[in-house]
Amino acid sequence: MFSNYLKLALRVLQRNKFFTGISLFGISFTLTILMLVVAFLHSQFGAKNPVSKTDELVYMRHLKMAMVQNDTIWAKDSTQVDGIWKYDSTFQNVNNNISTSISWYGKKFLDSYFRQLNSAEKFTFIVPTSKYNVYVNSVKIDITTSYVDEQYFEIFDFKLLEGNFISKADIDQKAYMAVITSELAKKYFGSTNGIIGKQMLVDGKNFTVKGIIEKAKMVNLAINGQMFVPSSILPDDVYETGYFGNYMAVFLAKNGNIDAVKAEIKDIVSRVPFLDPSRTNGIAYNQIEAMPFTFQESLARDVIYMEDGAESLFYLRWIVFALIGIFILVPTLNLINLNMSRIMDRSAEIGVRKAFGADSNGILIQFIFENVILTFIGGLLGMIFTIFLIRLSNNLNLLGELVLEFDILFFALSFFITIVFGVISGFIPASKMAKVHIVEALKYK
Amino acid sequence: MITLQNINKLYRTDTIETTALNNINLQVDEGEFLSIMGPSGCGKSTLLNIIGLLDEPSNGKIEIKGQTVSNYHTKETAKFRNEHLGFIFQSFHLIPELSVMDNVQLPLLYRNLSQKERNQMASVALESVGLNNRMEHFPSQLSGGQKQRVAIARAIVGKPSIILADEPTGNLDSVMGNEIMNILLQLNQENKTTIIMVTHDENMAHKTHRLMRLYDGRQL
């Protein structure tokens, strides 16, 4: 029976070329957008090298210090007492933020308070993505350099293509060693072969290439460098004023308990002494707040800036869900509308089928099946467009460091969405027509 | 074979009530060829639809092959139609996207049959109407007479014992009309198929065993 339905579905699609074209355009366009969104979320938020432990990481990117003063506001108003107008005064106590500063962490601050977290299995302090211009054969190359410690490559599992990562000895010896991405190796040396041990002149200093890694394929400050060198080569007091500096910290939670890490960080910060105003340009900061976020919260906060990263993630999720919902709903309603008019043309066929023994369920299944075939073809087209656009985006670096991926899970999810889309947009018109009385249906010529 | 007792059909709107059939009593024997005639709007097609279980009477009792079918639920009715009744319509009602072969097989889709069995049965039906050389054609490639022959093949493919034809020659010229009439007569004589035919054509009606006339929903 289904082969008959399939045959009929394909012929109906061939017959109504205009309808088929409009429908397929709508379906494939919708699914392309949907799949690109899913690919983006999957590639950016999903766990994969070098961030395969997304659920176990806590980021400390910014420190917030504020000077808050208690103030009294006196408000005067007129009011009636026993029919006579009198003045009425109100006093209100409020906390006024006089000054708020947010910046990266200072090395000394991190060393003093965050080297021994009970809840963290590992930690790394990073000076992320400093940019240097280098000229190779008169061609300018922008090199993004991150200063890291020995635990960096244990937390972020970059794929090592050749050589070794930065070691504790490199840190201790303040060695000018560099781990570089294969992309930078090709740009700087023209090849990735035989360059271990070779020298690179960056920022007026000679670095020895120690390892070659595959570059991170997602946008994230902590991992987006092209060149990773020991942070110990930086002077201790680099750019530091008070507790602020140029560092961020990433912690790997013990047993994945990120809440414990967050709580411990907040607890430590609550006990940190306030700085003398002489060290902070005369501002008497009396509130200090570390802002520990999970990997996803940290990313979400880059999109929707809110004080609380969890809140950023919450709103981002809802916005994404709402957009996906609208993107499915609008074309579904359109397709329902198109299907209604198309199915009316086939009224007589429904009447004949019923006369010869089809029941309402049979008719319903037939028309839903036909719509699923239509959406399936639209889905396939959408997938082809998506693969094309993903390749285009990756080849032209349209999304910067982010490399979009297309995997089996993603394929299955898109297929599922396609089928749901087909069933939903086919169900309402089909169920309406399945209920039409045979005699009425047969009146259509 | 078919018994109709006190069949009435009323159409009601908010303001008006129309009587389409008024107290129809009818007995059709097995193997009989009955024609129904009457002016337009007298209730011929309504009566045929009620006999064919395509429409329900407002009241009255229908018995077909000893079974009181007027009490059937929708699914039972669909099954009964599929197994015992075949329909021929004035405007053929072939599905334009399906080939002649697939159109003829349509009633068999609702039976538990293999593709091979369906093909065999459809080939036999098409052969009996002389169209076995047009199996892969589409309705748009056929003449009116050929279309109606396909419709007859579709009506008889499931070997129903009753065929209901609603003006089967109404859209055809006299030559093709006679051709179709001869096929129906042959079916009636050779297979003993009971046929009830609505027609406007006196000549066609007189070729059948019995003629029933309707006027304003009443039997004359």
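Remember, it's a predicted structure, so these values are computed and weren't measured experimentally. (Residues numbered from 1 in each chain as written. Chains lettered and ligands numbered in written order. Predicted model: local features only at pLDDT ≥ 70, side-chain atom pairs only at ≥ 80, totals over all residues. Heavy atoms only, no water.)

Visitor: What exactly am I supposed to notice about the interface of chain B and chain A here?
Guide: Where interface size is quoted, it is often the accessible area lost as the parts come together. Across the contact, 28 residues belong to chain B and 26 residues belong to chain A. For the pairing of chain B and chain A, the buried interface totals around 2500 Å² over both sides, and the portion due to carbon and sulfur atoms is 61%. The largest per-residue losses of area from chain B upon contact with chain A belong to His93(B), Glu97(B) and Tyr110(B), which jointly make up 27% of the total buried on that side. Where chain B meets chain A, there are two salt bridges. In this structure, the salt-bridge partner of Asp102(B) is Arg11(A), at a minimum N-O distance of 3.9 Å. Taken together, the connections running from chain B to chain A amount to six residue pairs in polar contact (both at pLDDT 80 or more). Those elements that provide at least two residues to the side of chain B that touches chain A are α2 (74-84), β6 (85-88), α4 (115-128) and α5 (144-156) of chain B. For the side of chain B that touches chain A, the leading source of residues is α2(B), giving four residues. Broken down by class, the residue content of the side of chain B that touches chain A amounts to 13 nonpolar, seven polar and eight charged. (Contact = heavy atoms within 4.5 Å. Buried area = accessible area lost by both parts, 1.4 Å probe. Salt bridge = Lys/Arg side-chain N within 4 Å of Asp/Glu carboxyl O. Polar contact = N/O pair within 3.5 Å; in protein donor to acceptor, adjacent residues only side chain to side chain. Helix = DSSP H or I, 4+ residues; strand = E, 2+ residues; numbered from the N terminus. Nonpolar A, V, L, I, M, F, W, Y, C, P; charged D, E, K, R; others polar.)

Visitor: How should the side chain of Thr3(B) be read in this particular structure?
Guide: Counting through the fold element by element, Thr3(B) comes out in strand β1 (residues 2-12). Excluding residues within four positions of it along the chain, Thr3(B) makes contact with Leu26(B), Gln27(B), Lys61(B), Ile62(B) and Glu63(B).

Visitor: When you look at the packing of helix α2 (residues 17-45) of chain A against helix α11 (residues 360-395) of chain A in this model, what are you seeing that I'm missing?
Guide: Residues and elements named next belong to chain A. Between α2 and α11, the least distance of the axes is 7 Å, while the angle of their chain directions is 50°. What the angle tells us is that α2 and α11 run oblique. You can see that α2 and α11 cross each other, and the crossing is right-handed. Together, Phe19, Thr20, Ser23, Leu24, Ile27, Ser28, Leu31, Thr32, Met35, Leu36 and Ala39 of α2 and Leu374, Thr375, Ile377, Gly378, Gly379, Leu381, Gly382, Met383, Phe385, Thr386, Leu389 and Ile390 of α11 make up the contact between the two elements. Classifying every residue of the contact of α2 with α11 by side-chain character gives 14 nonpolar, nine polar and no charged. (Axes fitted to C-alpha atoms, helices over the stretch in contact; angles between N-to-C directions. Parallel < 35°, antiparallel > 145°, perpendicular 65-115°, else oblique. Left-handed = near helix turned anticlockwise from the far one by under 90°.)

Visitor: How do you make sense of the domain arrangement of chain A when you look at a structure like this?
Guide: Residue and element names in this part refer to chain A. Domain boundaries assigned for chain A yield domain 1 (2-46 + 315-443) and domain 2 (50-293). One C-alpha centre belongs to domain 1, the other to domain 2; they are set 46 Å apart. On the domain 2 side, the residues contacting the nine residues of domain 1 number seven residues. Here domain 1 and domain 2 share an interface that buries about 730 Å² over both sides, 45% of which is from carbon and sulfur atoms. It is Gln44, Glu401 and Val403 in domain 1 that bury the most area against domain 2; as a group they hold 62% of the surface buried on that side. Inspection of the domain 1/domain 2 interface yields zero salt bridges. Counting across the domain 1 and domain 2 interface gives two residue pairs in polar contact (both at pLDDT 80 or more). When its residues are assigned to classes, the side of domain 1 that touches domain 2 shows four nonpolar, three polar and two charged. (Domains from an automatic or database assignment.)

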